[in-house]
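Okay, here's what each chain looks like letter by letter:
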Amino acid sequence: MEVLMIVCICNAIRETEIRQCARAGLCDVDQIYQTLGCQTKCRQCVPFAREIVADEACAAA
């Protein structure tokens, strides 16, 4: 069973959505949010979202 961790409470963005965008080549968090039809609001999620993107970049290397 996959855990559906919410990264951004303001926009209800899940970790899996950020990982999918990162795997598709998006590296900028603001660009990822736009792709998902959202925008960052309180920005408390941005550091964690960046970690997820970096993790995916390392996995691809």
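All values reported here derive from a predicted model rather than from experimental measurement. (Residues numbered from 1 in each chain as written. Predicted model: local features only at pLDDT ≥ 70, side-chain atom pairs only at ≥ 80, totals over all residues. Heavy atoms only, no water.)

A separate point is the pattern of salt bridges. Enumeration according to the criterion identifies five salt bridges in this entry. The shortest N-O distance in the salt bridge between R19 and D55 comes to 2.8 Å. One end of the pair, R19, is in helix α1 (residues 15-23); the other, D55, is in helix α3 (residues 46-60), with 36 residues separating them in the sequence. With relative accessibility at 40%, the residue D55 sits in the partly exposed group. Taking the shortest distance from any N to any O, the salt bridge between R19 and E56 comes out at 2.7 Å. Of the two residues, R19 sits in helix α1 while E56 sits in helix α3, which places them 37 residues apart along the sequence. A relative accessible area of 17% places R19 in the buried class. (Salt bridge = Lys/Arg side-chain N within 4 Å of Asp/Glu carboxyl O. Helix = DSSP H or I, 4+ residues; strand = E, 2+ residues; numbered from the N terminus. Buried < 20%, exposed > 50% of the residue type's maximum accessible area, 1.4 Å probe, protein only.)

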